[in-house]
Amino acid sequence: MNLTRSYQLQIEPNFHKLEDLRYASSRYMLYLQHFITQLYYEPIKRFFSTKGMGLLANRAQKQAMGIVAGEKERVKEVGAPVKLSLEGGK
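Residues numbered from 1 in each chain as written. Predicted model: local features only at pLDDT ≥ 70, side-chain atom pairs only at ≥ 80, totals over all residues. Heavy atoms only, no water.

Caption draft 1: Representation of helix H1 (residues 15-41) in the model. The end-to-end C-alpha separation of H1 is 39 Å, in line with the 39 Å expected for 27 residues at 1.5 Å each. Considered for burial, the residues of H1 that qualify are Tyr28, Tyr31, Leu32, Phe35, Ile36 and Leu39. For H1, the secondary structure elements touched by its buried residues are helix H2 (55-78). The opening residue of H1, the one whose side-chain oxygen lies 3.3 Å from the backbone nitrogen of histidine 16, is asparagine 14. (Helix = DSSP H or I, 4+ residues; strand = E, 2+ residues; numbered from the N terminus. Expected span 1.5 Å × (residues − 1). Buried < 20%, exposed > 50% of the residue type's maximum accessible area, 1.4 Å probe, protein only. Contact = heavy atoms within 4.5 Å. Polar contact = N/O pair within 3.5 Å; in protein donor to acceptor, adjacent residues only side chain to side chain.)

Here it is in structure tokens:
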């Protein structure tokens, strides 16, 4: 006889988790905007040091590198003017 147990976990939000999420997402967007600007207007540098800035800054820089590289490829391919957006593809 096989017995299978199934649990449904419900994560209840609280004020502190919500504040942590708001802070992290706003800080991530600030990092992302900063790195997109820096990477686009200084094409000589491929990346900037995020030493001491934490994992959030490192991930934002990697996403910014992808956004800038994709936009430069699109401009080469289509010849359209540059349109950088933080909303990813809109």
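Caption draft 2: Local environment of the nonpolar core. Tyr28, Tyr31, Leu32, Phe35, Ile36, Leu39, Phe48, Ala57, Ala60, Ala64, Ile67 and Val68 form the largest nonpolar core, which has 12 residues in total. Breaking this core down by element, the ones donating at least two residues are H1 and H2. Per element, the largest residue contribution to this core is six residues, and it comes from H1. Those residues in contact with phenylalanine 35 that lie beyond four places of it in its chain are Phe48, Thr50, Met53, Ala57, Ala60, Gln61 and Ala64. (Core = buried A, V, L, I, M, F, W, Y, C linked by side-chain atoms within 4.5 Å.)

Caption draft 3: Quick look at the packing of aromatic side chains. Scanning all chains against the criterion turns up two aromatic pairs. Their ring planes at 25° and their centres at 6.4 Å tell us that tyrosine 31 and phenylalanine 35 sit as a pair that is stacked. Placement of both tyrosine 31 and phenylalanine 35 in helix H1 is noted, with a separation of four residues, approximately one turn of the helix. Take tyrosine 31: its relative accessible area is 17%, and that puts it in the buried class. Phenylalanine 35 sits in the buried class, given a relative accessible area of 2%. Centre to centre, the rings of tyrosine 40 and tyrosine 41 are 5.0 Å apart; their planes meet at 90°, and the pair counts as edge-to-face. Residue tyrosine 40 is classed as partly exposed on the basis of its relative accessible area, which comes to 23%. Above the face of the tyrosine 31 ring, arginine 27 is positioned so that its terminal group lies 5.9 Å from the ring centre. (Phe/Tyr/Trp six-rings, centres within 6.5 Å; stacked < 30°, edge-to-face > 60°. Lys NZ or Arg CZ within 6 Å of the ring centre and 35° of its normal.)

Caption draft 4: Spotlight on the packing of H1 against H2. Taken N-terminus to C-terminus, the directions of H1 and H2 make an angle of 45°; their axes are 8 Å apart at the nearest point. Overall, the two elements H1 and H2 adopt an arrangement that is oblique. In this structure, H1 meets H2 at a crossing whose hand is right-handed. Seen from H1, the contacting residues are Ala24, Arg27, Tyr28, Tyr31, Leu32, Phe35, Ile36, Leu39 and Tyr40; seen from H2, they are Leu56, Ala57, Arg59, Ala60, Gln61, Gln63, Ala64, Met65, Ile67, Val68 and Lys72. (Axes fitted to C-alpha atoms, helices over the stretch in contact; angles between N-to-C directions. Parallel < 35°, antiparallel > 145°, perpendicular 65-115°, else oblique. Left-handed = near helix turned anticlockwise from the far one by under 90°.)

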